[in-house]
Amino acid sequence: MDIVVFGAGALGSLVGGLLAREHQVTLVARDPHARRVAGQGLRVVGELDAHTRPRATTEPTHEDLSCDLALVTVKAYDTEVAAEVLAAGDPDLVCSLSNGLCEGTLAERLGDRVLAGSATYGAELVGPGEVRCTGVGRIHVGEFADDRLDSDEDDAASDRAERVAAAFRECGLDCTADPAMPRRRWEKLAVNAGINAVTALARVPNGALADGPGREVARRAARETARVARAEGVDLPDERAVDAVDTVVAETAANRSSMRRDVESGNRTEVDAINGAVVDRGRDRGVDTPTNRTMADLLRTWERNRIGE
Ligand SMILES: NC(=O)C1=CN([C@@H]2O[C@H](COP(=O)(O)OP(=O)(O)OC[C@H]3O[C@@H](n4cnc5c(N)ncnc54)[C@H](OP(=O)(O)O)[C@@H]3O)[C@@H](O)[C@H]2O)C=CC1
Ligand SMILES: CC(C)(CO)C(=O)C(=O)O
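Residues numbered from 1 in each chain as written. Chains lettered and ligands numbered in written order. Predicted model: local features only at pLDDT ≥ 70, side-chain atom pairs only at ≥ 80, totals over all residues. Heavy atoms only, no water.

In the nomenclature of an unreviewed UniProt entry, the protein corresponds to 2-dehydropantoate 2-reductase from the organism Halobaculum roseum. UniProt lists a comment for the protein under the heading Sequence similarities (unreviewed entry), and it reads "Belongs to the ketopantoate reductase family." The Pathway (unreviewed entry) comment attached to the protein in UniProt states, word for word, "Cofactor biosynthesis; coenzyme A biosynthesis." (UniProt positions renumbered as here; feature names shortened; annotations may be inferred.)

Draft legend 1. Just the sheet that holds strand S1 (residues 2-6), in detail. Pairing in this open sheet of 8 strands is mixed, and the strands run S5-S2-S1-S6-S7-S8-S11-S12 from one edge to the other. Because the sheet does not close on itself, it has two edges, and the strands there are strand S5 (55-57) and strand S12 (175-177). Taking the axes of each pair of neighbouring strands and ignoring which way they run, one obtains an average angle of 20° across the sheet. In this sheet, strand S7 (residues 93-96) lies alongside strand S6 (residues 69-72) in parallel orientation, the contact comprising 4 bridges. Residue Leu69 lies in a different strand from S7, and its bridge partner there is Leu93. Taken strand by strand, helix H5 (residues 159-170) contacts S6, S7, strand S8 (114-119), strand S11 (139-142) and S12, and its axis lies near 170° from that of S12. (Pairing = 2+ DSSP bridges. Helix = DSSP H or I, 4+ residues; strand = E, 2+ residues; numbered from the N terminus. Axes fitted to C-alpha atoms, helices over the stretch in contact; angles between N-to-C directions. Contact = heavy atoms within 4.5 Å.)

Draft legend 2. Expanded view of the site of ligand 1. Taken together, 21 residues form the shell around ligand 1, and within it Ala10, Leu11, Asn99, Ala123 and Glu270 come nearest. With respect to ligand 1, the backbone of Ala10 contributes an N or O atom lying 3.0 Å from an oxygen atom. Here an oxygen atom of ligand 1 sits 2.8 Å away from a polar atom, N or O, in the main chain of Ala123. For ligand 1, the accessible surface in isolation is 880 Å², of which the surrounding protein chains cover 79%. Those elements that place two or more of their residues in the shell around ligand 1 are helix H1 (10-19) and strand S9 (122-127). Grouping the amino acids of the shell around ligand 1 by side-chain chemistry returns 11 nonpolar, 6 polar and 4 charged. (Near = heavy atom within 4 Å. Polar contact = N/O pair within 3.5 Å; in protein donor to acceptor, adjacent residues only side chain to side chain. Areas by Shrake-Rupley, 256 points an atom, 1.4 Å probe, with all protein chains shown as cover. Nonpolar A, V, L, I, M, F, W, Y, C, P; charged D, E, K, R; others polar.)

Draft legend 3. Inspection of the packing of helix H6 (residues 181-202) against helix H7 (residues 212-231) at higher detail. At a minimum axis separation of 8 Å, H6 and H7 run at an interaxial angle of 150°. In terms of orientation, H6 and H7 fall into the roughly antiparallel class. In the packing of H6 onto H7, the handedness of the crossing is right-handed. The segment H6 lies against H7, with Trp186, Leu189, Ala190, Ala193, Gly194 and Val198 engaging Gly214, Val217, Ala218, Ala221, Ala222, Thr225, Val228 and Ala229. (Parallel < 35°, antiparallel > 145°, perpendicular 65-115°, else oblique. Left-handed = near helix turned anticlockwise from the far one by under 90°.)

This is the structure in structure tokens:
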């Protein structure tokens, strides 16, 4: 496959670097990372080990963007720019691995070429040309369109999602074509709404939510997310969302969540695409989301005042 990874920071470099084992990959990244990858290749260290030679650029051409698959791995707040740039090319398929509900923004520009994706691999950029895998996880890809809202795990995944998943597996990535992607996206949103916001506000590792008051706040945020999902027609029971939070807390106990890392390094967070999205969608559907609203308000208060911290 001819694959473009748009926004190759931590996650995009990990996935793109591994995909370059078998496919023609172009990373759209920032300098000096792009320059180093173009000159010396990309090194994957940590829980996985690889040295590959994807192409890398800061300014993709129309030809670069006319590929079989464009993977979008920017932070959620950059999705609109990614959509705009990709729409200037002609990718056959586009799939976002970002957290938050980003596919709708991509589909507004790119139509039914858009697949939904989610990733639970852990990645950190060590420096130019080098990415660390901090956790071997799993990738899911599938359709997200309205007519799939009530699909479940027993249905068949689409052919194009199967094709993408097979291309990932060829390179050693754990990837499954998921027939019930709408539920998986909302389940991941519930996990991020609970864990990311609480750990960022309380400055604790994910494992601190195994018990005590933090656990209750995370669970409330997840339940609210499940309620909004159901109001949107996605069959996500409360217990399933809460179980997903508990499982991820146990599996990533030592992790600093991405939102906590953003707050601790003074960077903008993905609150608008996570807790903010739950609040907005809830408002549209008449579902009250007080826990998500309070956490989004607190995080936005921090964001407004972070300069000079
Ligand atoms: N890292 C992880 O372990 C995981 C991350 N995720 C999700 O994946 C997404 C990406 O996360 P992560 O990789 O950590 O974030 P990063 O910030 O490391 O990567 C995003 C990269 O995209 C770059 N970028 C944005 N716009 C452009 C552009 N127009 N042209 C070129 N490059 C651009 C950014 O550069 P700049 O900052 O200069 O704008 C940045 O380097 C997030 O939604 C995150 O929640 C999901 C699972 C795991
Ligand atoms: C799953 C979890 C919560 C792991 O830390 C994550 O996705 C994140 O930190 O953004």
